[in-house]
Amino acid sequence: MKPSSFENAIRLQFDCLARKVIGRTVKNYDRELGRRARRETPFCELSEMELNHMGIMDEYSVEFTSFDVFGSEVRIYDQRLCEAIKELSERRRNILLMSYFLEMTDAEIAEVVGMERFSVCRNRLHTLKLIRDMYEED
């Protein structure tokens with residue numbers, strides 16, 4: 001049975017409407033991809049430094065030993081170094097940590113501790129020699 005002209009007209013109208021909907025959907029999809037491409041950067045195009053800032057690494061207290069140095073927390077991750085630092089007197093420990101981990105000068109340390117700059121320098125050098133000796137014993 002041959003379709004009537006009315007059924008043929010309906011079929012052609014539906015075909016035309018379907019093509020318009022599909023065409024509009026493709027255009028919207030292409031437009032959305034263009035919008036995303038302008039706003040997003042693929043991971044492969046990011047530098048190593050940018051990738052390092054994106055992630056968060058959890059730190060647990062079993063991975064480091066922290067020392068309080070006049071209100072500042074200094075974290076040391078090397079267990080052998082922690083043991084050597086724990087054996088020092090509090091004054092020598094603070095001088096060493098302020099110098100190497102808080103990056104303070106001898107003059108700044110002397111001002112905080114209340115000592116002469118020369119005494120701070122002498123204590124720091126003597127403390128380094130003690131730690132070197134502790135490492136050589138092991």
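These numbers come from a predicted model, not from an experiment.

*Asks:* It is not clear to me how the packing of helix H5 (residues 106-113) against helix H6 (residues 117-137) should be interpreted in this structure. Could you clarify?
*Replies:* Angle between the axes and distance between the axes: these two values describe a pair of packed helices. The geometry of H5 relative to H6 is characterised by a closest axis approach of 8 Å and an angle of 105 degrees between their N-to-C directions. If you check the angle between H5 and H6, you find them roughly perpendicular. Of H6, the residues touching H5 (which contributes Asp106, Ala107, Ile109 and Ala110) are Arg117, Val120, Cys121 and Arg124. Here the residues of the contact of H5 with H6 are counted per class, giving 5 nonpolar, no polar and 3 charged.

*Asks:* What am I meant to see in the side chain of Thr65 here?
*Replies:* Within the element layout of this structure, Thr65 appears in strand E1 (residues 65-69). On the accessibility criterion, Thr65 (16% relative accessible area) is buried.

*Asks:* So what exactly am I meant to see when it comes to the environment of Arg75 here?
*Replies:* Within the secondary structure, Arg75 sits in strand E2 (residues 72-76). For the pair Arg75 and Glu103, spaced 28 residues apart in the sequence, the C-alpha separation amounts to 14 Å.

*Asks:* Any chance you could explain the confidence of the model for the protein here in plain terms?
*Replies:* Segments scoring low in pLDDT should not have their predicted coordinates read at a detailed level. Overall, the predicted model of the protein reaches an average pLDDT of 88, with 97% of residues at or above 70. Across the protein, element-level confidence peaks in helix H1 (residues 5-39) with a mean pLDDT of 93 and bottoms out in helix H2 (residues 48-54) with 80.

*Asks:* Would you explain the environment of Tyr135 in this entry?
*Replies:* Tracing the backbone through its elements, the reader meets Tyr135 in helix H6. Judged by its relative accessible area of 27%, Tyr135 is partly exposed. For the pair Tyr135 and Glu116, spaced 19 residues apart in the sequence, the C-alpha separation amounts to 29 Å. In this structure Tyr135 touches Asp78, Arg80 and Leu81, once residues within four positions along its chain are discounted.

*Asks:* Would you mind going over helix H3 (residues 79-86) with me for this structure?
*Replies:* An α-helical turn contains 3.6 residues, so any two residues separated by three or four positions project in the same direction. Of all the residues in H3, the buried ones are Leu81, Cys82, Ala84 and Ile85. The buried residues of H3 occupy an angular sector of 165 degrees when the element is viewed end-on, so they sit on one face.

*Asks:* Even after reading the chapter, I still don't get the pattern of salt bridges, so can you show me in this structure?
*Replies:* Where side chains of opposite charge bring their charged atoms close, a pairing between them can arise. Evaluation of the coordinates by the stated rule reveals 6 salt bridges. In this structure, the salt-bridge partner of Arg36 is Glu32, at a minimum N-O distance of 3.5 Å. Placement of the pair is Arg36 and Glu32 together in helix H1, with a separation of 4 residues, close to one helical turn. You can call Arg36 partly exposed: its relative accessible area is 44%. Residue Glu32 is classed as partly exposed on the basis of its relative accessible area, which comes to 28%. The shortest N-O distance in the salt bridge between Asp133 and Lys129 comes to 3.3 Å. Of this pair, Asp133 and Lys129 are both found in helix H6, 4 residues apart, which corresponds to roughly one turn of the helix. Among the residues examined, Asp133 registers a relative accessible area of 30% and is labelled partly exposed. The partly exposed category is assigned to Lys129, whose relative accessible area is 43%. A cluster of three or more residues bridged by salt bridges with shared partners is formed by Glu32, Arg35 and Arg36.

*Asks:* Quick question: what am I supposed to make of the nonpolar core here?
*Replies:* Nonpolar side chains tend toward joint burial in soluble globular proteins. Of all hydrophobic cores here, the largest spans 19 residues; its most connected members are Ile76, Ile85, Leu97, Val120 and Ile131. Going through the elements one at a time, E1, E2, H3, helix H4 (90-100), H5 and H6 are the ones with two or more residues in this core. Ignoring anything within four residues of it in the chain, the contact list for Ile76 reads Phe64, Thr65, Phe67, Leu81, Cys82, Ile85, Leu97 and Phe101.

Conventions and cut-offs
- Residues numbered from 1 in each chain as written.
- Predicted model: local features only at pLDDT ≥ 70, side-chain atom pairs only at ≥ 80, totals over all residues.
- Heavy atoms only, no water.
- Axes fitted to C-alpha atoms, helices over the stretch in contact; angles between N-to-C directions.
- Helix = DSSP H or I, 4+ residues; strand = E, 2+ residues; numbered from the N terminus.
- Parallel < 35°, antiparallel > 145°, perpendicular 65-115°, else oblique.
- Contact = heavy atoms within 4.5 Å.
- Nonpolar A, V, L, I, M, F, W, Y, C, P; charged D, E, K, R; others polar.
- Buried < 20%, exposed > 50% of the residue type's maximum accessible area, 1.4 Å probe, protein only.
- pLDDT = per-residue confidence, 0-100.
- Arc of directions from axis to C-beta.
- Salt bridge = Lys/Arg side-chain N within 4 Å of Asp/Glu carboxyl O.
- Core = buried A, V, L, I, M, F, W, Y, C linked by side-chain atoms within 4.5 Å.

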